[in-house]
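A closer look at the structure
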Amino acid sequence: MSNEQVVDVVVVGAGICGSLLATRLARAGRSVLLLESGPRKGRGELVQNYRESAFKSDFMAPYPYSEMAPHPRFSPTPNDYLEQAGPHAYQAQYIRMLGGTSWHWAAQMWRYVPNDFRTQSLYGVGVDWPIGYDDLEEYYYQVEVITGVGGEPDNGSPRSKPFPMERVPASYLQQRVTERLAPEYRVIDDSTARNSRSYGGRPACCGNNNCMPICPIDAQYHGGLAAQEAEAEGVEIVTEAVVYRLEHDSQGRISAVHYYDWDKTSHKVTAQTVVLAANAIETPKLLLMSTSDTFADGIANARDNVGRNLCDHPAISVSFDVDEPVWPGRGPVSPCSIGDFRDGDFRAEHAPFRLDISNGSKVASVTKELLAEGYHGRALDEQVRYRAARRLALKNAMEQLPDPENRVTLSDQRDALGLPTPRMYWNVGEYERRGTEVTREHYDRIAEMLGATNIKHSKEGAFSNRQHITGTLSMGNDPATSVTDQWGRAHDHENLFMVGTGVMPTVGTCNVTLTAAALALRTADRILEETQHG
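Keep in mind that what you see is a predicted model, and the values were worked out from it rather than measured.

Time to look at the overall build of the protein. In terms of helices and strands, the protein carries 11 helices and 18 strands. What you see for the protein is a C-alpha radius of gyration of 23 Å, in line with the 24 Å of a compact globule of 534 residues. Along the first, second and third principal axes, the C-alpha set of the protein runs to 70 × 50 × 45 Å. The proportion of buried residues among the 534 residues of the protein is 60%. Pairs at least 24 apart in sequence give 72% of the contacts found in the protein among residues at least 6 apart. Accessible surface, the protein as shown: approximately 20,200 Å² in total, 47% of it carbon and sulfur.

We now examine the pattern of salt bridges. Under the criterion given, the structure shown has 46 salt bridges. Its salt-bridge partner being Glu 494, residue Arg 253 comes within 2.9 Å of it at the nearest N-O pair. A residue pair is termed long-range when its members are at least 10 positions apart, and Arg 253 in the loop between strand E6 (241-248) and strand E7 (254-261) and Glu 494 in the loop between strand E17 (464-465) and strand E18 (496-498) qualify at 241 residues. On the accessibility criterion, Arg 253 (26% relative accessible area) is partly exposed. We note a salt bridge from Asp 343 to Arg 347, for which the minimum N-O separation is 2.9 Å. Judged by its relative accessible area of 27%, Asp 343 is partly exposed. Connected through shared salt-bridge partners, Asp 321, Glu 369, Glu 373, Arg 387, Arg 391 and Lys 456 make up one network.

You can see Thr 509 is positioned in the loop between E18 and helix H11 (513-531). For Thr 509, a relative accessible area of 0% gives the class buried. Polar contacts involving the side chain of Thr 509 include one to the side chain of Arg 342, which spans 2.8 Å. In this structure Thr 509 touches His 313, Arg 342, Pro 352, Phe 353, Arg 354, Ala 397 and Glu 399, once residues within four positions along its chain are discounted.

Attention now goes to the packing of helix H8 (residues 363-372) against helix H9 (residues 377-390). For the pair H8 and H9, interaxial distance at closest approach is 9 Å and the crossing angle is 135°. Judged on the interaxial angle alone, H9 and H8 are oblique. Judged by the sense of rotation from one axis to the other, the crossing of H8 with H9 is right-handed. Here Val 363, Val 366, Thr 367, Glu 369, Leu 370 and Leu 371 of H8 come into contact with H9, specifically with Leu 380, Gln 383, Val 384, Arg 387 and Ala 388. By residue class, the composition of the contact of H8 with H9 is 7 nonpolar, 2 polar and 2 charged.

Each neighbour pair has its own omega, and for Ser 75 with Pro 76 the value is 0°, a cis peptide bond. Assignment of secondary structure puts Pro 76 in the loop between helix H2 (43-52) and strand E3 (83-84). Cis geometry marks the peptide bond from Met 212 to Pro 213, where omega comes out at 10°. Relative to the helices and strands, Pro 213 resides in the loop between strand E4 (187-189) and helix H6 (223-232). Look at Ala 300: it is not a glycine, yet its phi comes out positive at around 65°. Along the chain, Ala 300 turns up in the loop between helix H7 (282-289) and strand E9 (314-315). In this structure, Trp 327 is a non-glycine residue whose phi angle is positive, near 55°. When you line up the elements, Trp 327 lands in the loop between strand E10 (317-321) and strand E11 (336-338). The exposed category is assigned to Trp 327, whose relative accessible area is 52%.

Parameters and conventions
Residues numbered from 1 in each chain as written. Predicted model: local features only at pLDDT ≥ 70, side-chain atom pairs only at ≥ 80, totals over all residues. Heavy atoms only, no water. Helix = DSSP H or I, 4+ residues; strand = E, 2+ residues; numbered from the N terminus. Rg over C-alpha atoms; globule rule 2.2 N^0.38 Å. Buried < 20%, exposed > 50% of the residue type's maximum accessible area, 1.4 Å probe, protein only. Contact = heavy atoms within 4.5 Å. Areas by Shrake-Rupley, 256 points an atom, 1.4 Å probe, with all protein chains shown as cover. Salt bridge = Lys/Arg side-chain N within 4 Å of Asp/Glu carboxyl O. Polar contact = N/O pair within 3.5 Å; in protein donor to acceptor, adjacent residues only side chain to side chain. Axes fitted to C-alpha atoms, helices over the stretch in contact; angles between N-to-C directions. Parallel < 35°, antiparallel > 145°, perpendicular 65-115°, else oblique. Left-handed = near helix turned anticlockwise from the far one by under 90°. Nonpolar A, V, L, I, M, F, W, Y, C, P; charged D, E, K, R; others polar.

Structure (structure tokens):
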């Protein structure tokens, strides 16, 4: 074993939340060690990886994979890192590398609507958060300034200050769909951390339509940039550092963090404060692995809540050909949406949802479709041009209620370091299924208004997860039903904090990164307040 390292704060996981928190602590004078299980890679190498990949529809194609820090892969063949134990496959796609999963996102940075924080009180479903919208409003803005967010101000989330970024100009597709669906449906700009002008040393979006899996020019913010900033502020970053055990003292404080390097040499870190900032699957895995005589079921798991209440947006989709060319494929891949169904008294009866309108290029998908139909030669070329110019796709972001049976546990499988892999159980209830029925009705109405042909709904009863993972480390006031308190502190361990989407008790109807990052900054301020005389 190597020599022990001592710091004020050790942060496990160098994604966007861990990096933002580490930066704030370091600026206040704390010594911070940031441990990342995966490697360090630059944008140029990642762009080249994608350029050379034969699997352009695979958003994981640019990103390095290692048996030492494995993550889920589904293409070209599944690696089965996530053992599926539920009725619905939970096919999470996340990246274990410096910067984390927001390398391959669409930079969606939505605020929750105020009523998302109190659905039990208002509608008799879900759970209430231990905090409200007003507790996060200032932190929402702080993250928006750091990342450069723009969007439609009137989107259901009240603002005390304007967006720091002007919107990226609307694509032709967005303009035409907005005009034709109005006034029955209101199409609005998405809230995104994407530059419309030079900002933060990064250029404006130039319409590559490659937001996912990677923006080739860094026009959109991501966790790699957050990690760079943390390092510039004095945070020590160690990559290829796989944390495998948390050690505690007789008072239940976390006394040490143990990690393997990729040669399986064990290292030990002691710190006044420990922050877990891996994602909502890997953090529960670490807690469940960290057993002792006192905590036989794992750290922070005295009441068997770790890993429970896994939520996402169980999505259904539709595609069709509009009766005019709308030319998807120029500008951001996900520029606009319909938010009319995010909140209302109907939430007592069925799940709310947001409708995302895709602007991604359809050339590859329609070409595959036409080849399967037997087209070739000039006819193939003509039909690719015709359909790719008219094809429109929509997908919903539908709230899922927290259910303790939906959860992350440990499988019997082991990775190359001998550590257990995650087991997933995911089901979709009647509340969400009723929301699905309403979604399909709106899909059909929108298709009718756009003169659609070749309408294709996703398979009845099948759901895809939107990679918006929440709930496995839920915050709450009652230790009997939650893992962390309102600050992200483990109920059972006073110096152990958790940040990331896992601490969010409910998933709402929007992408979850902004809320998680706002919570991370709030937790950082709490740590500073409590340790200012330490």
